[in-house]
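Working through the structure, step by step
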Amino acid sequence: PFSTPPWPPPAAPAAPVLLVFLHGSGGSGAEVSLFLRRQPLPFLGGGALAGALAQRGVELHCPSARPRPYTLAGGARMNVWFDRTELSRTAPEDTEGLDVAIRRVTEEVERKLAERACRGVVLAGLSQGGGVALHMLFRARPPWLLGVFTAGSFIAQGWEASRAPLADYAALPVLLTHNEGDTVVSAEWGRATARELRGAGLDRLAFEEFDSVDHGFSDGQLERLLRWLDEDVLPGAPQEAPAVAAAAAAASLPLPITYTVAPGGGDGGAMSHVLTFHVPPGTEEQLTAAPVMAVGAALQLARRAEGVLEVALETPRPDHVAREVRERLLRRLANPLRPGEAAESCVVG
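Attention here is on the structure that accompanies the text. The structure presented is a predicted model; accordingly, all values stated were derived computationally and were not measured.

The next thing to look at is the sheet that holds strand 14 (residues 308-314). The sheet built from 4 strands is open, its strands ordered 9-10-14-13 with antiparallel pairing. Either end of the sheet is taken by a strand with one partner, and the two such strands are strand 9 (258-263) and strand 13 (302-305). Strand-to-strand twist of the sheet, defined as the mean angle between neighbouring strand axes without regard to direction, takes the value 30 degrees. The pairing of strand 9 with strand 10 (residues 272-278) spans 6 bridges and is antiparallel. Note that in strand 10 the partner of proline 263 across the bridge is histidine 273. Helix 3 (residues 95-115) contacts strand 9 and strand 10 of the sheet and is inclined by roughly 150 degrees relative to strand 9.

Written as structure tokens, this is what we have:
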């Protein structure tokens, strides 16, 4: 049995909130899950965090990265979300590896949402896992996101959000935590990441430090996570599961449709973007049978590889357009266009 927390937990609604916790480099989802389900915490009277989460209607899910060569480990295969050639904030990010990691996390989350209606998702991560969660803000921009929590994480200097402002997430609760004496990832890297994210438009971002030398979970970080959920995230979560999740479950999609937004590098400068959509293999012809109406024009998606569609365009709101196109593609999966049928008549603003 779990002890009662020192503050009253909010009443748990019927549909849960999904807390997806991403492990650090070399770890695994099973390790994180075991720790959060069994580690006794003084602020919970010896109870574990998972029990306190369940009281609040928060369901814990801890996926694992697939093994891949890791340069910092001499090329040995490890469970890492992406590669690092150097543990430094000035080293370039592995953008290709990040894209793979983000796609995996997104597919995992949307598979869970299709299995069970949830009110939304909180992304949390330790170390490299927190880096993936932060990169998802400007590389994937999932519509189901309720908040982001990180412990001992950072993103590299000169990251892509400088070209993709996060004003759409101005009201999103984001909590970055760091142990002051962390000897693996400097707390200053966390502070600098927080400053850049605030500058990109995350108005509700908080950065907090704790008196510990651990590069991992300190009791203070986990207690703060719980209070942050109580005070900043759960009160703003929908009381019922969004219709999108219910529609996806009803459609019984074999795989979700995810997307990424990248600078296009065309003559349009900062307005040029490439939208990439990852779709269930074998549906490419069905989804590109007619253009998708968006930004006042017919966007003709092109097949780039199995399960990959792309379109280049100029717009100041690429993530908004991508979300709307994705929604129309989901509808096409559920209700395919008839031969000769025109594209959707709706126009994305």
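Right, picking up where we left off after that structure.
Strands sit in the order 2-1-5-6-7-8 across an open sheet of 6 strands; the sheet is parallel. Looking along the sheet, the strands with just one partner apiece sit at the ends: strand 2 (58-61) and strand 8 (205-210). Each neighbouring strand pair of the sheet contributes to a mean axis angle of 15 degrees, computed without reference to strand direction. The pairing of strand 1 (residues 17-22) with strand 2 spans 4 bridges and is classified as parallel.

Before going further, it helps to spend a moment on the nonpolar core. By size, the foremost hydrophobic cluster in this structure holds 37 residues, and its most contacted members are Leu123, Val132, Leu137 and Val148. Of all elements in the fold, only strand 1, helix 3, strand 5 (121-126), helix 4 (128-139), strand 6 (145-151), strand 7 (174-179), helix 5 (187-199) and strand 8 reach the threshold of two or more residues within this core. Among all residues touching leucine 123, those that are not within four sequence positions of it are Val20, Val105, Ala133, Met136, Trp144, Leu145, Gly147, Val148 and Phe149.

Moving on, we come to a nonpolar patch on the surface. A grouping of Leu72, Leu87 and Val184 is seen on the molecular surface, where their side chains present a nonpolar patch of about 220 Å² in accessible area. Here leucine 72 lies in the loop between strand 3 (67-70) and strand 4 (76-79).

Turning next to the packing of aromatic side chains. This model, assessed by the stated rule, comprises 6 aromatic pairs. Measuring from centroid to centroid gives 6.4 Å for phenylalanine 21 and phenylalanine 149, while their planes differ by 70 degrees, and the two rings are edge-to-face. Taken together, the residues span a long stretch of sequence, with phenylalanine 21 in strand 1 and phenylalanine 149 in strand 6 at a distance of 128 residues. Accessibility expressed as a relative area gives 0% for phenylalanine 21, which makes it buried. Their ring planes at 50 degrees and their centres at 6.2 Å tell us that tyrosine 259 and phenylalanine 277 sit as a pair that is tilted. With tyrosine 259 in strand 9 and phenylalanine 277 in strand 10, the pair connects residues that are 18 residues apart, well separated along the chain. Judged by its relative accessible area of 5%, tyrosine 259 is buried.

Calculation notes
- Residues numbered from 1 in each chain as written.
- Predicted model: local features only at pLDDT ≥ 70, side-chain atom pairs only at ≥ 80, totals over all residues.
- Heavy atoms only, no water.
- Pairing = 2+ DSSP bridges.
- Helix = DSSP H or I, 4+ residues; strand = E, 2+ residues; numbered from the N terminus.
- Axes fitted to C-alpha atoms, helices over the stretch in contact; angles between N-to-C directions.
- Contact = heavy atoms within 4.5 Å.
- Core = buried A, V, L, I, M, F, W, Y, C linked by side-chain atoms within 4.5 Å.
- Buried < 20%, exposed > 50% of the residue type's maximum accessible area, 1.4 Å probe, protein only.
- Patch = residues over 30% accessible without salt bridge, like charges linked within 9 Å, V, L, I, M, F, W, Y side chains within 5 Å.
- Areas by Shrake-Rupley, 256 points an atom, 1.4 Å probe, with all protein chains shown as cover.
- Salt bridge = Lys/Arg side-chain N within 4 Å of Asp/Glu carboxyl O.
- Phe/Tyr/Trp six-rings, centres within 6.5 Å; stacked < 30°, edge-to-face > 60°.

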